[in-house]
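Structural features, examined
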Amino acid sequence: FNPRKVHVVLTQGTTRLVAALGKVDPRRWEGGKSATFATTLRVPASLAKGAYQVSLWLPDDAASLRDLPEYAVQLANAGTWNAATGDNVLVPDLAVDPAAPGPVDPTASVFAEQ
């Protein structure tokens, strides 16, 4: 099995933010079983309010194939595959609102794993 990174993707219209997950190894995911992992993501403070899609993207590691959706891993979950982007949409409508309760870091400038 070749190494393959897992990325979380936030999408709204033409906005596409990608965060690589450094500690998730999809080579250990077994067919027919659920895979669970937890991570903390930092969202840019400037991210516009609205509804975003949350997806997993598992592109090929080769630079020449990375952006070709047909080389991304398609999960077996029904109704999640976006063939145009190679994303597996897990949450179609995540509300992002700067006024939501919780900790806020006004200096956050990139979408990344913490």
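So, here is what we can say about the structure in this document. (Residues numbered from 1 in each chain as written. Predicted model: local features only at pLDDT ≥ 70, side-chain atom pairs only at ≥ 80, totals over all residues. Heavy atoms only, no water.)

As for the overall build of the protein
Along its length, the protein carries 0 helices and 7 strands. The order of helices and strands in the protein, counted from the N terminus, is β-β-β-β-β-β-β. Relative to the globule expectation of 13 Å for 114 residues, the C-alpha radius of gyration of the protein, 15 Å, shows essentially globular dimensions. Overall, the protein is about 40 × 30 × 25 Å in size when its C-alpha atoms are taken along their principal axes. Counting across all 114 residues of the protein, residues that qualify as buried make up 27%. In the structure as shown, the protein presents an accessible area of about 7,600 Å², 53% of it carried by carbon and sulfur atoms. (Helix = DSSP H or I, 4+ residues; strand = E, 2+ residues; numbered from the N terminus. Rg over C-alpha atoms; globule rule 2.2 N^0.38 Å. Buried < 20%, exposed > 50% of the residue type's maximum accessible area, 1.4 Å probe, protein only. Areas by Shrake-Rupley, 256 points an atom, 1.4 Å probe, with all protein chains shown as cover.)

Observations concerning the pairing of strand β6 (residues 87-96)
Both strand β4 (residues 50-57) and β6 contribute to a ladder of 7 bridges, which runs antiparallel. Across the sheet, the residue bridging to Gly50 is Val96, located in β6. Of the strand pairs in this sheet, strand β5 (residues 81-82) and β6 are connected by 2 bridges, and their pairing is antiparallel. Within the sheet, the bridge partner assigned to Asn82 lies in β6 and is Asp87. In this structure, the hairpin formed by β5 and β6 is closed by a connection of 4 residues, where Gly86 is found at a positive phi of approximately 80°. (Pairing = 2+ DSSP bridges.)

Notes on the side chain of Asp87
Here Asp87 lies in strand β6. Classification of Asp87 by relative accessible area gives buried; the value is 3%. A polar atom in the side chain of Asp87 sits 3.2 Å from the side chain of Thr85. Contacts of Asp87, omitting those with residues within four sequence positions, involve Val9, Arg16, Ser55, Leu56, Trp57, Thr80, Trp81 and Asn82. (Polar contact = N/O pair within 3.5 Å; in protein donor to acceptor, adjacent residues only side chain to side chain. Contact = heavy atoms within 4.5 Å.)

Quick notes on the side chain of His7
Residue placement: His7 occurs in strand β1 (residues 6-12). For His7, the contacting residues outside a window of four places in its chain are Val18, Ala19, Ala20, Ser55, Leu56, Trp57, Pro59 and Arg66.

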